[in-house]
Amino acid sequence: MRSINIGLFGFGCVGEGFYKILTSQPNSPFTIRKIVIKDETKERNVPGELLTTNPDDVFSDPEINLVVELINGNETAFNIVSQALSRRIPVVTANKKMLATHYGKLRQLVAQFETPLLYEGAVCGAIPILKTIDQYFRFDPITEIAGIFNGTTNYILTRQFEENSAFGETLLDAQKLGYAELDASSDVDAFDPKYKLKLVLAHAFGLDVPTDQILNLGISAIKEQDLAYAKNKGLKYRLMSKVVRREQQISAFVLPTLVNTHETAYNVNYANNFAEFKTDHGEEHIMIGKGAGSLPTGSAVFADVQHIATYGKGYQHEDTNDYQFTNETVLEVIISANNPEDLSQITFEEVFQEYASSDFFYKTGKILISELIKLQSAPVFVGLTSSEVFSPQTEAVLSLA
Ligand code: HSE
């Protein structure tokens, strides 16, 4: 293994976890040469001479042959990563928002400068999902993916179901434990798992789907009555990310989903994540692990650093035009609100049931994903009620369980 001199950007929760793992290795070929931070007044448990606020201290050091980017922020992170790639310095990052929003441009830089960019820590913390898709499912086409791609919301939902804890209190704890994003609305409104889903779609199907075309509805509007509805049926809510392939058509979304005791998600608790893959030949595979947190995510970043040191190359997936992304797919859902007017504007393909009390109203039925996308800022809570998806034309049923 060649020796690797690292310029580290960011020393937050993941940066510190990565640093701890890296510096605890015996006979390590890895050296951290510089750590670029924003706030120099903060106390940090690292030798002071490593710290700088000037990114040029990394880019002007000819000994640095790997950049690890772990800052909060999108454009600044993109600038750091593109600068490194343009100088042919390999990059490891865990910045899912930056990767999802600049995916096409980053792919172009990787190809142009023939320089690896790895980001396993961006998707489901410690679980090696992307490398598994690249290496194992490349020749065994995936038909379905279902998983929990966000630790914060899983932590909140677990405590709501197991302990009857209040939403606000559990979110605060998730923040204290280092699970939540700096802007926690990215977690609770399901943007964070959507960015991860976008990366999964790119690796599994060679698709670069614009993030605004991927449905993401979160749990910020969940009410006591929604929790009671699930509990009365012996079910739980989990924020699920799902992909289904029907021939060359791909649908994907992130939605709170009612799960029963037989489903994997039912027993995936707290900040754990999982991903279940169905493939043409290998059938079913499930990976469960820590989806967030300092050391788990730091361990995925460290694995990428080792990958570059060992193999000197990045991911092997290709961009293709083999698949088309579609939101013209029908799902079965429950949509609830505190005001009946908030439900009356929503177009269902078919309504199964309507319920009204003094302050809780819901409808269940079939609805197109393209209709659900319109509800992203509506004062309603949407839950997926069935693991089946339907084509509007054929009514053909596919299991998403
Ligand atoms: N906020 C993210 C989560 C961190 O809760 O899953 C890990 O990506």
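Residues numbered from 1 in each chain as written. Predicted model: local features only at pLDDT ≥ 70, side-chain atom pairs only at ≥ 80, totals over all residues. Heavy atoms only, no water.

Q: Sorry if this is basic, but what is going on with the site of the ligand here?
A: Around the ligand sit K96, N150, G151, T152, Y179, A180, E181, D187, D192, K196, G291 and A292, and those are all the residues in its vicinity. K196 is positioned with one of its side-chain polar atoms (N or O) 2.9 Å from an oxygen atom of the ligand. In isolation the ligand has 250 Å² of accessible area, and contact with the protein removes 95% of it. Those elements that provide at least two residues to the shell around the ligand are helix 7 (151–163) and helix 10 (191–205). Classifying every residue of the shell around the ligand by side-chain character gives three nonpolar, four polar and five charged. (Near = heavy atom within 4 Å. Polar contact = N/O pair within 3.5 Å; in protein donor to acceptor, adjacent residues only side chain to side chain. Areas by Shrake-Rupley, 256 points an atom, 1.4 Å probe, with all protein chains shown as cover. Helix = DSSP H or I, 4+ residues; strand = E, 2+ residues; numbered from the N terminus. Nonpolar A, V, L, I, M, F, W, Y, C, P; charged D, E, K, R; others polar.)

Q: Could you clarify how one ought to interpret the sheet that holds strand 4 (residues 66–69) in this entry?
A: By way of backbone hydrogen bonds, the strands of a sheet pair with one another, either parallel or antiparallel. One open sheet accounts for six strands, arranged 3-2-1-4-5-6; its pairing is parallel. Because the sheet does not close on itself, it has two edges, and the strands there are strand 3 (51–52) and strand 6 (117–118). For strand 5 (residues 91–93) and strand 6, the ladder comprises two bridges, and the chain directions are parallel. Pairing of V91 across the sheet is with L117, part of strand 6. Across the sheet, helix 1 (residues 13–23) lies against strand 1 (4–9), strand 2 (30–36) and strand 4, angled at about 155 degrees from strand 2, the strand it touches most. (Pairing = 2+ DSSP bridges. Contact = heavy atoms within 4.5 Å. Axes fitted to C-alpha atoms, helices over the stretch in contact; angles between N-to-C directions.)

Q: Can you help me understand the nonpolar core in this one?
A: Looking at soluble globular proteins, one finds that nonpolar side chains tend to be buried together. One finds I6, F18 and V68 to be the most contacted residues of the largest nonpolar core, which totals 99 residues. Filtering out sequence-adjacent residues up to four positions away, I6 remains in contact with F18, L22, F30, T31, I32, R33, K34, I64, L66, V68 and V305. Ranked by size, the runner-up nonpolar core spans 22 residues in total, among them V333, F348, I367 and L375. (Core = buried A, V, L, I, M, F, W, Y, C linked by side-chain atoms within 4.5 Å. Buried < 20%, exposed > 50% of the residue type's maximum accessible area, 1.4 Å probe, protein only.)

Q: Teacher, can you tell me more about the pattern of salt bridges here?
A: Any two side chains of opposite charge can pair, given that their charged atoms come close. Applying the stated criterion across every chain, the model contains 18 salt bridges. E371 is paired through a salt bridge with K374; the nearest N and O atoms lie 2.7 Å apart. By relative accessible area, which is 59% here, K374 ends up exposed. Taken together, the salt bridges that share partners define one network made up of R159, E163, E169, D173 and K176. (Salt bridge = Lys/Arg side-chain N within 4 Å of Asp/Glu carboxyl O.)

Q: Got a minute to help me understand the packing of helix 6 (residues 129–136) against helix 10 in this structure?
A: How two helices sit against one another is set out by the angle between their axes and by the gap between those axes. Relative orientation of the contacting elements helix 6 and helix 10 amounts to 15 degrees, with a least axis distance of 9 Å. In terms of axis orientation, helix 6 runs roughly parallel to helix 10. The crossing of helix 6 and helix 10 is right-handed. Contacts between helix 6 and helix 10 involve I129, L130, I133 and D134 on the former and, on the latter, L199, V200, H203 and A204. Grouping the constituent residues of the contact of helix 6 with helix 10 by class yields six nonpolar, one polar and one charged. (Parallel < 35°, antiparallel > 145°, perpendicular 65-115°, else oblique. Left-handed = near helix turned anticlockwise from the far one by under 90°.)

Q: How should the state of the cysteines be read in this particular structure?
A: When the sulfur atoms of two cysteines share a covalent bond, that bond is a disulfide. The final tally for this structure, using the stated rule, is zero disulfides. Here C124 is not cross-linked by a disulfide; its sulfur's nearest cysteine counterpart is in C13, at 16 Å. (Disulfide = S-S within 2.5 Å.)

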